[in-house]
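Secondary and tertiary structure notes
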Amino acid sequence: MAAILEVENLSKKFGEFEAVKGVSFAVEEGEVFGLLGPNGAGKTTTISMLTGVLPPSAGAARVGGYDIRAEMHEAKKINGLVPQDLALYPTLSARANLNFFGRIYGLQGKDLKERVSDVLRIVSLTERADQRIETFSGGMKRRVNIAAGLVHQPRLLFLDEPTVGVDPQSRNHIFESVQRLNRERGMSIIYTSHYMEEVELLCSRVAIIDEGRIIALDTIKNLIALLGGGVINVGLTRANEALLAQLAALPAVKEAALISQPLAPPPGEGAEPKERPASASGVTVKIVAEHSQQAVVNVIGFLNGRDITLTSLEILEPNLESVFLHLTGKKLRE
Amino acid sequence: MNAVTIALKDLQIFFKDRGAVVQLVALPLIFIVVFSGALAAIGSEAEEDTRIPLPVVDLDGGTGAQAFLDELERAGGVAVTLVAQETAATDLDERRIARFLTIPADFTGKLDGGEQITLRLTNHPDAPPEETEAVRLVIAGAAQDLSLENQILASLRQMGEMNAGIPEENQIFTPERAMAQARSQFERSKTTPLIAVKETVPAKPDGRASELDEPVQLAVPGFTVLFVFLTAQTTARSIYDEKKVGSFRRLLAAPVSKAALLAGKVLPGFIIALIQTLVIFAFGMFGMRLLGLTPLHLGSDPLAVLIVAVAMALCTSCLGIVIAAIAQTENQIGGLSSLILWGAGILGGTFIPLFILESVMGPVIKIVPHYWANHAFNNLLARGLTLGDVVTDLLALGVFSLVFFAIGLWKFDFD
């Protein structure tokens, strides 16, 4: 299938600060592609460059075959943007807002009327179309916000955190709309979020972005497979390289590593391995398991046999959240 | 096309905001009524006589001149006072009087002899034109009546003298002939009156306007300028709101050029400014009359008034972009607008007549666009000047618009 979006080494600098550091990815026609990352990771800046809101500092991208530097005007006709903010005019009605955004994309007369009616149906707001936006609930505003990005029937829709501040009912409605647009109309969608559940539900492939870089890009299944059967965080009073190697060699364990604390330096020849000095809180060892329950049993048995005190135990189910934690050492919502 | 779409949307939003409409359109009307009404009340308390004063220099002093003065009094509308020639000239120079009439030294002799006489009406350059026209009509009417009377009397006297030595049965001037002669003289007096009125306007002494004579001619353009420039704040706030809610990003992501986007944000301010001017001037002309106050008159060149209004509307729209480009927060927009728009408005003579401000502050008041708009309106409305006399004002407003637009483009943060 042809790519509707190709991004190569795209960067954006604001003065000395580099918000996006050479991201590269491609989105297939008809695909729902996720950009997952915490707040400030560079998701919105990346989208802003691809939609013509911000000029890129370096790199290239093609939208529907149009170069975003040389042919942005054409690329904009293919794109649809649903920004994170409620980019609507609150004193105007939903219909007046949609009419305006339709006209901006060149729609007029009967076409405009039909398109506005269509998108109002998609977001289930036909009944309240002539009421002012300011009288709507947060969820309804979000739905109009999405409708405004759809009114000109874009081939590629950018949904930037579309469920922020939305009640569960509207959230589900948005999910259904996204799935229907993709399934029934073949619309390609780039969905950014810091909610891994949303990305898992909607997207076929995901790019995990952190501090302006894409740190992983694959199908959700493959990304989760990075963690095998899950992650176990084990709190210990002490640890050294030899202990980590022994833990990693246990059955059902894939790898073991210290979390965000420097390891004790490797011992010199003939010398005893030095242990990392115990602190009040001890150390945390991250164990990637092939099968989490079996790995827990094996790890506890091993530690008891060596008289090493276990101070805490956390079992993380394999999902994008734990993938992100595994890759960055941070939680998505941090 | 996109600029028009954006502008129409902004106008739709503006007219839904009743507070903004009241501030920009209704508030100036209240200011005008209060200002004009208060000054008019002061004026009426000082002088009950509503007739137009007409100082007369009588160089003749004869019976003919007295007959003419009696005719003027009978005609009404003017309050005749006799003054010395030197006094009249000095008073006119110093703007204590708007005009004076001179009756020539040989008035009575020429009147009796049926010779052509010319009366001279000397007007100050700043004399209200419609008042001058009213005075001229009164003088012309009185002169025509006296001309007719004298021409008919002279011809009848002539016929009487010719008949004097002729026997009654041979007399050629029958009553029918006398009537025909009288009718002929009557018709002649219409086309070639014995007494003609010639108007003169001495060289402009110092350009002082007659605004204080007619407060409405000061209040309407003054408050129009003040409140029209306040629309710059509306333009700035509209741009700020668009950025704040994120719709600006959405517009940047749409196939709309930055020039069209800016034009779309400027256009509503321009249209609102023109609507404001239209409403305020219409109120000045018709509403003031309904309220029993002196109405606004558009001077002798209404087209020039329209051109100044357009130039002013353009200038205020461009100023809006500058404020939007400089101010980063809503508070800054409010603060900057108050400083620039009210401060510049006061400096530009919207509250205090320009000639008073100029005498107190000197040429510094010319640094604000309000001055030039106000100056142009004063020239056209209060002093009865025409388009050629406000070219400098229009150029200044044009230069301000260009500079504002250039600064706006330079400093405007599209990101």
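Residues numbered from 1 in each chain as written. Chains lettered and ligands numbered in written order. Predicted model: local features only at pLDDT ≥ 70, side-chain atom pairs only at ≥ 80, totals over all residues. Heavy atoms only, no water.

**Focus on the overall build of chain B**
A tally of helices and strands in chain B yields 16 helices and 5 strands. Scored against the burial criterion, the 415 residues of chain B give a buried share of 49%. When contacts within chain B are restricted to residue pairs at least 6 apart in sequence, long-range pairs at least 24 apart make up 79% of them. As displayed, chain B offers around 18800 Å² of accessible surface, 63% of which is attributable to carbon and sulfur atoms. (Helix = DSSP H or I, 4+ residues; strand = E, 2+ residues; numbered from the N terminus. Buried < 20%, exposed > 50% of the residue type's maximum accessible area, 1.4 Å probe, protein only. Contact = heavy atoms within 4.5 Å. Areas by Shrake-Rupley, 256 points an atom, 1.4 Å probe, with all protein chains shown as cover.)

**A few points about the pattern of salt bridges**
Opposite charge on two side chains permits pairing when their charged atoms draw close. Tallying each qualifying case throughout the model produces 17 salt bridges over all chains. Among the salt bridges present, the one from Glu-31 of chain A reaches Arg-205 of chain A, with a minimum N-O distance of 2.6 Å. Here Glu-31 of chain A is found in the loop between strand E2 (17–28) and strand E3 (32–36), whereas its partner Arg-205 of chain A is found in strand E9 (residues 205–210), with 174 residues between them in sequence. Judged by its relative accessible area of 21%, Arg-205 of chain A falls in the partly exposed class. Linking Arg-74 of chain B and Glu-71 of chain B is a salt bridge whose minimum nitrogen-to-oxygen distance equals 2.7 Å. Pair noted here: Arg-74 of chain B and Glu-71 of chain B are both in helix H3 (residues 63–75), with a separation of 3 residues, about one helical turn. A network of salt bridges, in which partner residues are shared, links Arg-115, Asp-118, Arg-121 and Arg-185 of chain A. (Salt bridge = Lys/Arg side-chain N within 4 Å of Asp/Glu carboxyl O.)

**Focus on unusual backbone geometry**
Residues and elements named next belong to chain A. For Ser-124, which is not a glycine, the phi torsion comes out positive at approximately 55 degrees. Position of Ser-124 relative to the elements: it lies in the loop between helix H4 (109–122) and helix H5 (138–150). The phi angle at Gln-153 is positive, at roughly 55 degrees, despite the residue not being glycine. Here Gln-153 lies in the loop between H5 and strand E7 (156–160).

**Brief notes about the packing of aromatic side chains**
Note on aromatic pairs: each is described by the distance of the centres and the angle between the planes. Tallied over the entire structure, the rule returns 10 aromatic pairs over all chains. Both rings, one in Phe-14 of chain B and one in Phe-15 of chain B, keep their centres 5.0 Å apart while their planes meet at 80 degrees; by these two values the pair is edge-to-face. When the centroid spacing of 4.9 Å and the interplanar angle of 90 degrees are considered together, the rings of Tyr-371 of chain B and Trp-372 of chain B count as edge-to-face. Summarising the burial analysis for this pair, Tyr-371 of chain B and Trp-372 of chain B share the class buried. Taken together, the ring pairs connect Tyr-89, Phe-100 and Phe-101 of chain A into an aromatic cluster. One cation-aromatic arrangement involves Lys-243 of chain B over Phe-248 of chain B; the distance from NZ or CZ to the ring centre is 5.6 Å. For the cation-ring pair, Arg-250 of chain B lies above Phe-101 of chain A, with the distance from its terminal atom to the ring centre recorded as 5.1 Å. (Phe/Tyr/Trp six-rings, centres within 6.5 Å; stacked < 30°, edge-to-face > 60°. Lys NZ or Arg CZ within 6 Å of the ring centre and 35° of its normal.)

**Here we look at the packing of helix H8 (residues 215–229) of chain B against helix H9 (residues 231–245) of chain B**
Residues and elements named next belong to chain B. The N-to-C vectors of H8 and H9 enclose an angle of 10 degrees; their axes lie 4 Å apart at closest approach. Of the possible angle classes, the one that applies to H8 and H9 is roughly parallel. Contact residues: Phe-227, Val-228 and Phe-229 in H8; Thr-231, Ala-232 and Gln-233 in H9. Broken down by class, the residue content of the contact of H8 with H9 amounts to 4 nonpolar, 2 polar and no charged. (Axes fitted to C-alpha atoms, helices over the stretch in contact; angles between N-to-C directions. Parallel < 35°, antiparallel > 145°, perpendicular 65-115°, else oblique. Nonpolar A, V, L, I, M, F, W, Y, C, P; charged D, E, K, R; others polar.)

**Here we look at the sheet that holds E7 of chain A**
Residues and elements named next belong to chain A. Sheet architecture is open: 6 strands sit in the order E6-E7-E8-E3-E9-E10, paired in mixed fashion. Each of the sheet's edge strands pairs with one partner strand only, and the pair in question is strand E6 (79–82) and strand E10 (213–219). Strand-to-strand twist across the sheet, computed as the mean angle between neighbouring axes with direction ignored, equals 15 degrees. Bridge count between E7 and strand E8 (residues 188–193): 5 bridges; the pairing is parallel. Among the inter-strand pairings, Leu-159 is bridged to a residue of E8, identified as Tyr-191. Contacts from H5 reach E6 and E7 within the one sheet, and its direction differs from that of E6 by about 165 degrees. Docked against the sheet, helix H11 (residues 320–328) engages E3, E9 and E10, running at close to 40 degrees with respect to E9. (Pairing = 2+ DSSP bridges.)

**Overview of the sheet that holds strand E12 (residues 253–258) of chain A**
Residues and elements named next belong to chain A. The 4 strands lie next to each other as E12-E13-E11-E14, forming an open sheet whose pairing is antiparallel. The outermost strands of the open sheet, each flanked by one partner alone, are E12 and strand E14 (310–316). Neighbouring strand axes in the sheet, compared pairwise and without regard to direction, differ in orientation by 20 degrees on average. Pairing of strand E11 (residues 230–236) with E14 involves 6 bridges; the strand directions are antiparallel. Among the inter-strand pairings, Ile-232 is bridged to a residue of E14, identified as Ile-315. Strand contacts of helix H9 (residues 241–248): E11, E12 and strand E13 (283–289), with the helix running at about 160 degrees to E12, the strand carrying the most contacts.

**A closer look at the nonpolar core**
Within the largest apolar cluster, 168 residues are counted, with the highest numbers of intra-cluster contacts made by Leu-5, Phe-25, Ile-189, Ile-190 and Val-206 of chain A together with Phe-377 and Phe-412 of chain B. At 15 residues, the largest contribution of residues to this core is made by helix H12 (residues 302–326) of chain B. Sequence-distant contacts of Phe-377 of chain B, defined by excluding residues within four places in its chain, comprise Pro-221, Val-225, Phe-281, Val-305, Val-308, Ala-309, Met-312 and Ala-382 of chain B. In terms of nonpolar packing, the next biggest core, distinct from the first, is built from 23 residues, Val-56, Leu-69, Val-138 and Ala-143 of chain B among them. (Core = buried A, V, L, I, M, F, W, Y, C linked by side-chain atoms within 4.5 Å.)

**With respect to the interface of chain A and chain B**
Taken together, the contact between chain A and chain B spans 32 residues of the former and 21 residues of the latter. When chain A packs against chain B, the two sides together hide about 2300 Å² of surface, and 61% of this comes from carbon and sulfur. Interface area lost by chain A to chain B is led by Val-53, Tyr-89 and Ile-104 of chain A, which between them contribute 25%. The interface formed by chain A and chain B holds 0 salt bridges in total. In this structure, the connection of chain A to chain B is made through 8 residue pairs in polar contact (both at pLDDT 80 or more). The element that contributes the greatest number of residues to the side of chain A that touches chain B is helix H3 (residues 94–104) of chain A, accounting for 5 residues. Taken together, the residues that form the side of chain A that touches chain B break down as 17 nonpolar, 9 polar and 6 charged. (Buried area = accessible area lost by both parts, 1.4 Å probe. Polar contact = N/O pair within 3.5 Å; in protein donor to acceptor, adjacent residues only side chain to side chain.)

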